[in-house]
Amino acid sequence: MVESRKSLTMIFLALKFFFMIISLSEARVHNYTWEITYQFKSQDCYKKLAIAINGMTPGPVISATEGDTIIVNVINRLIMENVAIHWHGIRQIGTPWMDGTDSVTQCATLPGDTFTYQFVVDRAGTYMYHSHYGVQKETGLYGLIKVTVPPGKSEPFKYDDDRHSIVLSDWYHSSSYAEATKLTSLPFVWIGEPQSLLINGRGKYDCSNLNANVCNATNPECLPYSLTVVPGKTYRLRIGGLTSLSALSFQIEGHNMTVVEADGHYVEPFVTQNLYIYSGETYSVLVTANQASSRNYWMSTNVVGRKPATPPGLAIFNYYPNHFHKLPPTTLPPGPAWNDTRARINQSLAIKARQGFIQSPPSTADKVIVLLNTQNTFEGRRRWSLNNVSHTLPHTPYLIAQKKNWTDVFDQTPAPESYDFQNYDIYSVQGNTNTTSSSSIYRLKFNSTVDVILQNANTMNVNDSETHPWHLHGHDFWVLGYGDGKFNMSSDILEKYNLVDPIMKNTVPLHPYGWTALRFRADNPGIWLFHCHIEAHYLMGMLVLFESGSEMVGEPPQQNMGCGRTKSLMKP
Ligand SMILES: *[C@@H]1O[C@H](CO)[C@@H](O)[C@H](O)[C@H]1NC(C)=O
Ligand SMILES: *[C@@H]1O[C@H](CO)[C@@H](O)[C@H](O)[C@H]1NC(C)=O
Ligand SMILES: *[C@@H]1O[C@H](CO)[C@@H](O)[C@H](O)[C@H]1NC(C)=O
Ligand SMILES: *[C@@H]1O[C@H](CO)[C@@H](O)[C@H](O)[C@H]1NC(C)=O
Ligand SMILES: *[C@@H]1O[C@H](CO)[C@@H](O)[C@H](O)[C@H]1NC(C)=O
Ligand SMILES: *[C@@H]1O[C@H](CO)[C@@H](O)[C@H](O)[C@H]1NC(C)=O
Ligand SMILES: *[C@@H]1O[C@H](CO)[C@@H](O)[C@H](O)[C@H]1NC(C)=O
Ligand SMILES: *[C@@H]1O[C@H](CO)[C@@H](O)[C@H](O)[C@H]1NC(C)=O
Ligand SMILES: *[C@@H]1O[C@H](CO)[C@@H](O)[C@H](O)[C@H]1NC(C)=O
Ligand SMILES: *[C@@H]1O[C@H](CO)[C@@H](O)[C@H](O)[C@H]1NC(C)=O
Ligand SMILES: *[C@@H]1O[C@H](CO)[C@@H](O)[C@H](O)[C@H]1NC(C)=O
Ligand SMILES: [Cu+2]
């Protein structure tokens, strides 16, 4: 008896060792070389300069297996513009210099230079990459990262096909230079709503009053994306929200979607006809081709949360063997009402960790930071602020300044951890909309547990509060709750917090006039951005930084330098 148990243990250990060897030998290195160029593209039929990766926008999907190493040699061939690429959702544990954020972890890469990003994709799931330099992302420099489970690990849901990914983005016809100029000008000029919504880089602008040299409705570049499905099969669609401004809904005419993954975490499955997706979020949904196969169906995306001035984005859900470009016979089904905030909050609340995959959050926090989100004026310019501070990024990257103890690079005064709860009316335009500006940061005790409560408020327009998708670099957070109105430190923590099965994410919406509560462990040494993923808002100061354990970070690599004070460190 004892003997057989011993031999069983031996067999078990041998097997374990065998699988370890397999999984070790399976970990691969993917080495990509990306040439970043401007190209004339007609993504929505309107000819415009876009930034492409090896000629493509959206860029190629990075496909890898959990544990693999990704190397991307980014060659900047933009001639007159810098570049930096962020790997959104990849926590960069132990590789903070590879986060790709201009002014935070690196100097943007100059034209002609190459930056070699190298990091491990340590968890299966769906992620994205995009430019993190000014408002460059909106020029088309983005794509998805798809990480599959390693051999021997299984997923808690089944599908027949995992080859399809969907990038949802919005598209402006004016240049990123024009947008950045408007947003920072005095007087302020709002950039307006985007001209088109794109599905996998394709949209349809109305060319009827334009010269065909500028806008050619029959240009094959703007044929709608078509996804071919075989009747009866179930598809896993990996969807990424890569808009610069818009919050979206996404639907497939006549088909339900089962949400199973969000930002690399398994979701307790729920069925929806409309997936709300905010900039910076990724989802996997399962769709079964179970409708009449004699025709094709619409896939569409609509603006929500802002009064739409952009037509829906269209694509074709093509049932084999119908022709993949045969348009559906139906009129496009309408999207959900743009101002149905309640439906969007309901979906946010429906996203919970999957049973059997729950990572329990610490039961209490060591520190609570409340961030009041306001729209303001600074020296006459329109800005966004957190606790009355609109952020200004320094020219020298934070992490390098921190490592070199250059205390004059950024404001050393601690950033404010709360605001005047008593006297701030979140439903009104403030009598005095002036704000302050700073480059200050939050310093967090290493490995401490931190709660962040995002508090929304009225903008500078009467009866208006916007949706802000907040994204954290270097960590995932538990989404503890959402609520209406002003957060109540005693009752909301007791009544509204979900400590049982909260989902972990890296991006989460803050709904109009509401609050969103997050918890994370500051266990990744570095300096990390936490910001609104709307590009215009980011440029207008809607960001904070969390420093933690930065003394454990190694010396800055040469390739991260080249700007500001770092020039003094460069070897010839
Ligand atoms: C990756 O590819 C580049 C360009 O082909 C090459 O120079 C480099 O040595 C490769 N790196 C690795 C780790 O294979
Ligand atoms: C518009 O596109 C069609 C199809 O590619 C092409 O035949 C035609 O020459 C284009 N028109 C112009 C003015 O470029
Ligand atoms: C979609 O789901 C709803 C609710 O779960 C259900 O009533 C409906 O029959 C489903 N429709 C399809 C096409 O599967
Ligand atoms: C949404 O806006 C429409 C007008 O566009 C209005 O009639 C409706 O009452 C609004 N709904 C909500 C929930 O605010
Ligand atoms: C939101 O959920 C609540 C409670 O489950 C429900 O009563 C309400 O009808 C839902 N509202 C919308 C717009 O879906
Ligand atoms: C707001 O700031 C401007 C200067 O930028 C100043 O002229 C104005 O008086 C300030 N308003 C208030 C109410 O403090
Ligand atoms: C950093 O610089 C400040 C003065 O600028 C000095 O007081 C402090 O000791 C320095 N810290 C380290 C770790 O060198
Ligand atoms: C924000 O700061 C500005 C400039 O110091 C000040 O005028 C204003 O009253 C502050 N607002 C709030 C809500 O504290
Ligand atoms: C971080 O804190 C957790 C929980 O208190 C503990 O289990 C872990 O060992 C700590 N890690 C480090 C690196 O201190
Ligand atoms: C703002 O909303 C309130 C309450 O819903 C309403 O009484 C008021 O008329 C609205 N004001 C404007 C300018 O729309
Ligand atoms: C918070 O909620 C408690 C319990 O419902 C209530 O007594 C208290 O007045 C609330 N505080 C504020 C500031 O609304
Ligand atoms: Cu925002």
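Residues numbered from 1 in each chain as written. Chains lettered and ligands numbered in written order. Predicted model: local features only at pLDDT ≥ 70, side-chain atom pairs only at ≥ 80, totals over all residues. Heavy atoms only, no water.

### Here we look at empty space enclosed by the protein
Thinking step 1. Inspection of the entire model under this criterion finds 5 cavities of 30 Å³ or more.
Thinking step 2. Each pocket or cavity is described by its volume, and for the largest cavity that value is around 70 Å³.
Thinking step 3. Around the largest cavity sit His130, Ser131, His132, Gly134, Lys137, His531, Cys532, His533, Glu535 and Tyr538, which together line it.
Thinking step 4. Residue assignment for the lining of the largest cavity shows that the elements contributing at least two residues are strand E7 (125–131), strand E31 (526–532) and helix H6 (535–539).
Thinking step 5. Here the lining of the largest cavity is built from residues that sort into 2 nonpolar, 6 polar and 2 charged.
Thinking step 6. If you count residues domain by domain, the lining of the largest cavity takes at least three from each of domain 1 (29–350) and domain 2 (367–560). (1 Å grid on protein atoms, 1.4 Å probe; cavity = no way out; pocket = protein on both sides within 12 Å on 5 of 7 lines; lining within 4 Å. Points joined across faces, edges and corners; volume = space filled by probe spheres on them. Helix = DSSP H or I, 4+ residues; strand = E, 2+ residues; numbered from the N terminus. Nonpolar A, V, L, I, M, F, W, Y, C, P; charged D, E, K, R; others polar. Domains from an automatic or database assignment.)

### Concerning the site of ligand 2
Thinking step 1. The local shell around ligand 2 consists of Ala212, Asn213, Asn216, Thr218 and Pro220.
Thinking step 2. Within the contact set of ligand 2, an oxygen atom lies 2.4 Å away from a side-chain nitrogen or oxygen of Asn216.
Thinking step 3. Thr218 places a polar side-chain atom, nitrogen or oxygen, 3.3 Å from an oxygen atom of ligand 2.
Thinking step 4. The fraction of the free accessible surface of ligand 2 (360 Å²) that becomes covered by protein chains is 41%.
Thinking step 5. Partitioning the shell around ligand 2 into residue classes produces 2 nonpolar, 3 polar and no charged. (Near = heavy atom within 4 Å. Polar contact = N/O pair within 3.5 Å; in protein donor to acceptor, adjacent residues only side chain to side chain. Areas by Shrake-Rupley, 256 points an atom, 1.4 Å probe, with all protein chains shown as cover.)

### Details of the layout of surface pockets
Thinking step 1. In this structure, the largest pocket encloses a volume near 630 Å³.
Thinking step 2. The wall of the largest pocket is formed by 30 residues, among which Asp102, Ser103, Tyr133, Pro394 and His395 lie closest to the centre.
Thinking step 3. Of all the secondary structure elements, the ones that give two or more residues to the lining of the largest pocket are strand E6 (114–120) and H6.
Thinking step 4. Of the residues in the lining of the largest pocket, the class split is 13 nonpolar, 14 polar and 3 charged.
Thinking step 5. Each of two domains, domain 1 (29–350) and domain 2 (367–560), supplies a minimum of three residues to the lining of the largest pocket.

### Points about the coordination of the copper ion (ligand 12)
Thinking step 1. Distances from the copper ion (ligand 12) to its protein donors, namely His468 (ND1), Cys532 (SG) and His537 (ND1), fall within the range 2.1 Å.
Thinking step 2. The sequence pattern formed by the donor residues of the copper ion (ligand 12) is H-x63-C-x4-H. Highlighted residues: His468 in strand E26 (residues 468–472) and His537 in helix H6, separated in sequence by 69 residues.
Thinking step 3. Given the relative accessible area of 0%, His468 is considered buried.
Thinking step 4. Looking at His537, the relative accessible area reads 1%, which means it is buried. (Donors = N, O, S within 2.8 Å, 3.2 Å for Na, K, Ca; no water. Buried < 20%, exposed > 50% of the residue type's maximum accessible area, 1.4 Å probe, protein only.)

### A short note on the UniProt feature "domain: Plastocyanin-like" (unreviewed entry) in the protein
Thinking step 1. Per the UniProt record, the feature "domain: Plastocyanin-like" (unreviewed entry) sits at residues 39–148, 164–321 and 421–548.
Thinking step 2. Secondary structure within residues 164–321 divides into 5% helix and 44% strand; the distance between the first and last C-alpha atoms comes to 18 Å.
Thinking step 3. Between the C-alpha atoms that bound residues 421–548 there is a distance of 27 Å. The span itself is 9% helix and 41% strand. (UniProt positions renumbered as here; feature names shortened; annotations may be inferred.)

### As for the side chain of Thr449
Thinking step 1. With respect to the element layout, Thr449 can be found in strand E25 (residues 449–455).
Thinking step 2. When near neighbours in sequence (up to four residues on either side) are disregarded, Thr449 contacts Pro362, Thr364, Ala365, Asp366, Lys367, Arg519, Phe520 and Arg521. (Contact = heavy atoms within 4.5 Å.)

### Things to note about the sheet that holds strand E9 (residues 161–171)
Thinking step 1. Reading across the sheet, the 6 strands line up as E10-E9-E12-E17-E14-E15 and stay open at both edges, with mixed pairing between neighbours. Where the open sheet ends on each side, the last strands, each with one partner, are strand E10 (196–199) and strand E15 (265–272). For this sheet the average axis-to-axis angle between neighbouring strands, irrespective of direction, equals 25°.
Thinking step 2. Strand direction decides the pairing type here: E9 and E10, joined by 4 bridges, are antiparallel. Its bridge partner being in E10, Leu168 is matched across the sheet by Ile199. (Pairing = 2+ DSSP bridges. Axes fitted to C-alpha atoms, helices over the stretch in contact; angles between N-to-C directions.)

### Focus on the state of the cysteines
Thinking step 1. Tallied over the full model, the rule gives 3 disulfides.
Thinking step 2. With its sulfur 2.0 Å from that of its partner, Cys107 forms a disulfide with Cys563. Handedness of the Cys107-Cys563 disulfide follows from its S-S torsion of about -80°: it is left-handed. Pair noted here: Cys107 is in the loop between strand E5 (85–88) and E6 and Cys563 is in the segment after strand E32 (543–548), with a separation of 456 residues, a long-range link.
Thinking step 3. The exposure class of Cys107 is buried, given its relative accessible area of 2%. (Disulfide = S-S within 2.5 Å.)

### As for the site of ligand 6
Thinking step 1. Ligand 6 sits among Glu379, Asn432 and Asn434.
Thinking step 2. Between ligand 6 and Asn434, the relevant distance is 2.4 Å, taken from an oxygen atom to a side-chain nitrogen or oxygen of the residue.
Thinking step 3. In isolation ligand 6 offers 360 Å² of accessible surface; the protein chains occlude 31% of this area.

### Overview of the pairing of strand E13 (residues 247–252)
Thinking step 1. Of all 6 residues making up E13, 6 are buried, and the element is well covered by its neighbours.
Thinking step 2. Sheet topology note: the E13/strand E18 (residues 297–304) ladder contains 6 bridges and is antiparallel. Looking at the pairing, Gln251 lines up with Ser300 of E18.
Thinking step 3. For E13 and strand E16 (residues 275–277), the ladder comprises 3 bridges, and the chain directions are antiparallel. Looking across to E16, one finds that Phe250 is bridged to Leu275.

### Here's the deal with the side chain of Gln92
Thinking step 1. Along the chain, Gln92 turns up in the loop between E5 and E6.
Thinking step 2. For Gln92, a relative accessible area of 2% translates into the label buried.
Thinking step 3. Within the structure, Gln92 has its side chain in polar contact with the side chain of Thr95 (distance 2.7 Å).
Thinking step 4. Only 3.2 Å separates the side chain of Gln92 from the backbone oxygen of Met98, close enough to count as a polar contact.
Thinking step 5. Among all residues touching Gln92, those that are not within four sequence positions of it are Trp87, Met98, Asp99, Phe119, Asn524 and Trp528.

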